[in-house]
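# Working through the structure, step by step
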Amino acid sequence: MDIIPLSELLLNLSSQLRCHFQWSLVPELEIQRKEETFSIFQALLLHRRFIGLFCSSSSLSLLCLIKSSHVFEIFSAVMKSEKRHALVKKSWCIEISKVMMMASSKNTPPVNNRTRISITIVTGLCCFFYLLGAWQRNGFGKGGGVITLEAVTKQAQCTNTTDIVANLDFEPHHKTIKIPHRANPKPIMFKPCDVKFKDYTPCHEQKRAMRFPRENMVYRERHCPPENEKLRCLIPAPKGYTTPFPWPKSRDYVHYANVPFKTLTVAKAGQNWVKFQGDVFKFPGGGTMFPQGADAYIETLAKVIPIKDGLVRTALDTGCGVASWGAYMLKKNVLTMSFAPRDVHEAQVQFALERGVPAIIGVLGSIRLPYPPRAFDMAQCSRCLIPWTSNEGMYLMEVDRVLRPGGYWVLSGPPINWKTYYKTWKRSKKELKAEQKRIEEIAESLCWEKKYEKGDIAIWRKKTNDRSCRMSSSSSSVKTCKGKDTDDIWNKTMEVCVTPFPKVSSDVEVKKFPERLFSVPPCVTKGLVEGVNVESYQEDNKLWKKRVSNYKRINRLIGSSRYRNVMDMNAGLGGFAAALESSESWVMNVVPTIAKNSLSVVFERGLIGIYHDWCEGFSTYPRTYDLIHANNVFSLYQNRCNVEDILLEMDRILRPEGTVILRDEVDALNDVRKIAKGMRWDTKLMDHEDGPLVPEKILVAVKQYWVAGDGGNVRNSTSTLSGEE
């Protein structure tokens, strides 16, 4: 630090006075009273920073003790100092002199000899103490009162453009936000779970499942652990885990190390489900009812069902196996939601997701499927072994509930073509014939029209509206489902009733894909979705196009096959998935059970999704998603369940080196960052796309690579994110 020359000291003082009085703007300013002027000048002197301009620890400047009656003399002294020592800029002195002249001409008496003596004394003392301070600073004294130029110049800034410092840096520095941490929650370092939990599915564990009755497949349904039994550790990847093959190669090949189960290669050896070759599994595309491949099977269906023209976009595969049908339907631009239970056929759904095909763990049992009414354009059962005629046709009624008016149902397998297979199935002709007859009766009661039966395949089509469905006398006893909210189905018991047809004005309401992706869905047009109208729907589309564009600037791989399996944890109207739509990826649109019920909008757009409560585990295997997007999930679940539990579930289903994009309020993301640090995530906090003043922020995280046997140590991580606190 250097001592300020008197010229610089006075210059900075002048800047303060100029800021206050705006001298350059009002040159004709009149000073009516000396006392009024001094009160302002004295306030500057007494300010804690300006005291340092005049008073040091070793010597007290006379200026600190000036009385109000001498303020005019001080200004005169400054004028004389300018003339004698040139210590103050001339331009400033000219301005001061103008004010002094106006003040003296109107409000002050003539200067007498006594006044001249006082001015001389003041000037002399000022110079003396200034020289004394310089002498002490140069090493000849013990002065400690040092004035920094930085302190003065900072205080001397003014709105006047002439006062701007030339070397200011105006570049933005707000891309990464550093926010002070709150006291809670405290950082926790989560340990790896035991290697035996590498395929842990919290709500579908075999040991817990065996406690429940087998009737109606209850034991294969969701049974989540209570709070005291939840795992609070990190699920490890198996040793040798490798990033899955990119799509479309992943459809046909899966690394053995990722899903090390060979049971299906033996059990389904003659059906072309899966084969083991070297260190990979190969999927020829076969199935029990289409051992020669799914392509030929789909071409047969396409002769009856308009699969190719975009009218059929969403499909449901009940009892999917390894989801080869869904995998090959993607070639026709049809998104298939496949489900199968976690049973003796190890890892069916895990194989499906590893291949890059949408699937969940599920079963037709006693609880309704987690989809809204009229969701799918078609559904199929390829030897799914579901007892369609049991419980008075309850399972067919559930398929009818989720099938769109005008949709198709395909049945291949028992009892179709029973005359050929009755010996293979080890069942009597009479039994199989009665079963098929009963299926056709139930289908008729549901207003399904049989369109095709040849060989192993039978196809029905659901009528389009209430006018086209005329209940026959044989179906008059069928109960119609009642209830104000037919979409409220989460954890609701399945009923023996028929979902009523919607009252429509035309046979076809939903447009063909891809037009339906951004056109206004019928449920929005009719005002069936709370708080959503045509305008808000269109604004939501614009908003998410902007947001996804910003995400792609943050991570250029978004939208590529690097992120094949994508999940949106709070999908809303499906805007994120619609903006991201690509053949390279698909999105599981999750609508939380505590959020506004908008899943019907998602399906009418030609997307797929599911209801779920994030206080529980999701119905999937570990390491099944490449990218997880969560919009205001933590604000939504605030005070409902533990943030740690939601993050641990996200970590379970996220693949090593997978990416998470969280959008939420700053406080919520601040808590998440603390927890994520203990989960081996690399995180970076970003501004909202509209700028730093928006309280909502974006947190991007990458899960580090580590596998079982590492002792929880991170290795081979390719994360490049920075900025974690």
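Residues numbered from 1 in each chain as written. Predicted model: local features only at pLDDT ≥ 70, side-chain atom pairs only at ≥ 80, totals over all residues. Heavy atoms only, no water.

For clarity, the cut-off: UniProt positions are given in the numbering used here, feature names are shortened, and annotations may be inferred rather than shown by experiment.
The chain is annotated in an unreviewed UniProt entry as Methyltransferase of Brassica napus. You can read under Sequence similarities (unreviewed entry) in the UniProt record for the chain the words "Belongs to the methyltransferase superfamily."

## Regarding the overall build of the chain
Worth spelling out the cut-off: Helix and strand definitions follow DSSP, with helices as H or I runs of at least four residues and strands as E runs of at least two, each counted in order from the N terminus. Note on exposure labels: buried denotes an accessible area under 20% of the residue type's maximum, exposed denotes more than 50%, and partly exposed covers the range between, all computed with a 1.4 Å probe on protein chains only. Areas reported as accessible are Shrake-Rupley estimates using a 1.4 Å probe. Residue values count occlusion only from the protein chains shown.
In terms of regular secondary structure, the chain is built from 22 helices and 17 strands. Counting every position in the chain, which comprises 725 residues, the buried fraction comes to 52%. Per element, the accessible surface of the chain, about 34000 Å² overall, is 53% carbon and sulfur.

## Some remarks on the sheet that holds strand β1 (residues 253-255)
Inclusion rule: Strand pairing follows a simple DSSP-based rule, namely that at least 2 bridges must link the two strands. Every axis corresponds to a line fitted to the C-alpha atoms, with the helix fit spanning only the stretch in contact, and the corresponding angles, defined between N-to-C directions, vary from 0 to 180 degrees.
Sheet architecture is open: three strands sit in the order β1-β3-β2, paired in antiparallel fashion. Looking at strand neighbours, the two that pair on one side only are β1 and β2 (275-277), the edges of this open sheet. Going across the sheet, the axis of each strand differs from the next one's by a mean of 30 degrees, ignoring polarity. One ladder, built from three bridges, connects β1 with strand β3 (residues 280-282); its direction is antiparallel. Opposite Y253, over in β3, you have K282 as the bridge partner.

## What about the pairing of strand β17 (residues 696-703)?
The element β17 is largely enclosed, with a buried count of eight among its eight residues. As paired elements, strand β15 (residues 654-665) and β17 share seven bridges and run antiparallel to each other. Bridge pairing links T659 to V702 in β17.

## Observations regarding the pattern of salt bridges
Filter applied, for reference: Here, a salt bridge means any Lys or Arg side-chain nitrogen found within 4 Å of an Asp or Glu carboxyl oxygen.
Overall, the coordinates contain 39 salt bridges when judged by the stated rule. Linking D626 and R655 is a salt bridge whose minimum nitrogen-to-oxygen distance equals 2.8 Å. Taken together, the residues D626 in strand β14 (residues 625-631) and R655 in strand β15 connect sequence positions 29 residues apart. Here D626 and R655 have matching classes, each one buried. Between K697 and D687 there is a salt bridge, with the nearest N and O atoms lying 2.9 Å from each other. Placement of the pair is K697 in strand β17 and D687 in the loop between β16 (681-686) and β17, with a sequence separation of 10 residues. Judged by its relative accessible area of 5%, K697 is buried. Among the charged side chains, a salt-bridge network with shared partners connects E227, K230, R232 and D645.

## Overview of the pairing of β16
Taken across its six residues, β16 has five buried, putting it largely inside the fold. For β16 and β17, the ladder comprises six bridges, and the chain directions are antiparallel. Within β17, the position partnered with L685 by the bridge is L699.

## Notes on the side chain of D664
This is how it is decided: By the counting scheme adopted, Arg and Lys are positive, Glu and Asp are negative, and His together with the chain ends is not counted. Any N or O atom pair separated by 3.5 Å or less is treated as a polar contact, with the protein-specific requirement of one donor-capable and one acceptor-capable atom, and with residues adjacent in sequence counted only for side-chain atom pairs. Contacts were defined at the residue level, with two residues in contact if any of their heavy atoms lie within 4.5 Å.
Within the secondary structure, D664 is located in strand β15. Buried charge without a partner: D664 forms no salt bridge, and the closest opposite charge is R663, 9.6 Å away. From its side chain, D664 meets the backbone nitrogen of F634 in a polar contact 3.2 Å long. Aside from chain neighbours lying at most four places away, what touches D664 is N632, V633, F634, S635, L669, P695, E696 and K697.

## Let's talk about the side chain of S600
Mapped onto the secondary structure, S600 falls in helix α19 (residues 599-604). Among residues more than four places away in sequence, those in contact with S600 are P372, D487, C523 and V529.

## Quick word on the packing of aromatic side chains
Spelled out, the test is: Under the pairing criterion, centres of Phe, Tyr and Trp rings, with the six-membered ring standing for Trp, must be within 6.5 Å; the plane angle then separates stacked pairs below 30 degrees from edge-to-face pairs above 60, leaving the rest tilted.
In total, this model carries 19 aromatic pairs according to the counting rule given. Taken together, a centroid distance of 6.4 Å and an interplanar angle of 80 degrees make the contact between Y371 and F603 edge-to-face. Note that Y371 is positioned in the loop between β6 (359-361) and β7 (376-382) and F603 in helix α19, a separation of 232 residues in sequence. Taken individually, Y371 and F603 each receive the classification buried, so the pair is uniform in this respect. With a centroid separation of 5.2 Å and 25 degrees between ring planes, the pair formed by Y421 and W425 is classed as stacked. Look at Y421 and you get partly exposed, because its relative accessible area is 24%. Through a chain of ring-to-ring contacts, three or more aromatic side chains come together here, namely Y256, F276, F281, F283 and F351.

## Looking at the state of the cysteines
Selection criterion: By definition, disulfides here are pairs of cysteine sulfur atoms that lie within 2.5 Å.
Considering all chains together, one arrives at five disulfides under this definition. Across a sulfur-sulfur distance of 1.9 Å, C481 and C497 are joined as a disulfide pair. Where C481 bonds to C497 through sulfur, the torsion about that S-S bond is close to 95 degrees, and the disulfide is right-handed. One end of the pair, C481, is in the loop between β10 (457-462) and α16 (522-525); the other, C497, is in the loop between β10 and α16, and 16 residues separate them in sequence. Each member of the pair, C481 together with C497, is buried. C615 shares a disulfide with C641; S-S distance 2.3 Å. One quick way to see it: the torsion about the S-S bond of C615 and C641 is about -85 degrees, and its sign makes the bridge left-handed. Of this pair, C615 sits in the loop between β13 (608-612) and β14 while C641 sits in the loop between α20 (633-636) and α21 (643-653); the two residues are 26 residues apart in sequence, bridging distant segments of the chain.

## Quick notes on the nonpolar core
When a protein is soluble and globular, its nonpolar side chains tend to lie buried together. Put simply, the rule reads: Definition used in this section: a nonpolar core is a set of buried Ala, Val, Leu, Ile, Met, Phe, Trp, Tyr and Cys residues joined via side-chain atoms within 4.5 Å. For the domains described, the bounds stem from an automatic or database domain assignment.
Judged by nonpolar contacts, the single largest core of 130 residues is most densely connected at Y371, W388, W409, M588 and M650. Built from parts of two domains, this core gets at least three residues from each of domain 1 (249-468) and domain 2 (515-703). For Y371, the residues in contact, after removing those within four places along its chain, are L316, M337, F339, I360, F376, R401, V402, I489, F603, G609, I610 and Y611. By size, the runner-up hydrophobic cluster in this structure holds 11 residues, among which are V254, F261, V274 and V322.

## Here's the deal with helix α13 (residues 394-402)
α13 sits mainly inside the fold: nine of its nine residues count as buried. Within the sequence span of α13, burial applies to M394, Y395, L396, M397, E398, V399, D400, R401 and V402. Tucked into the core, α13 has its buried residues touching β4 (314-318), β7, β8 (403-412), α15 (429-445), β9 (448-454) and β10.

## Overview of the confidence of the model for the chain
Counted only if it meets this: The quantity known as pLDDT measures the predictor's confidence residue by residue, on a range of 0 to 100.
Of the residues in the chain, 72% have a pLDDT of 70 or more, and the chain-wide mean is 80. Across residues 139-177, confidence stays below pLDDT 50; counting only partners more than four residues off in sequence or on other chains, it has 52 contacts.

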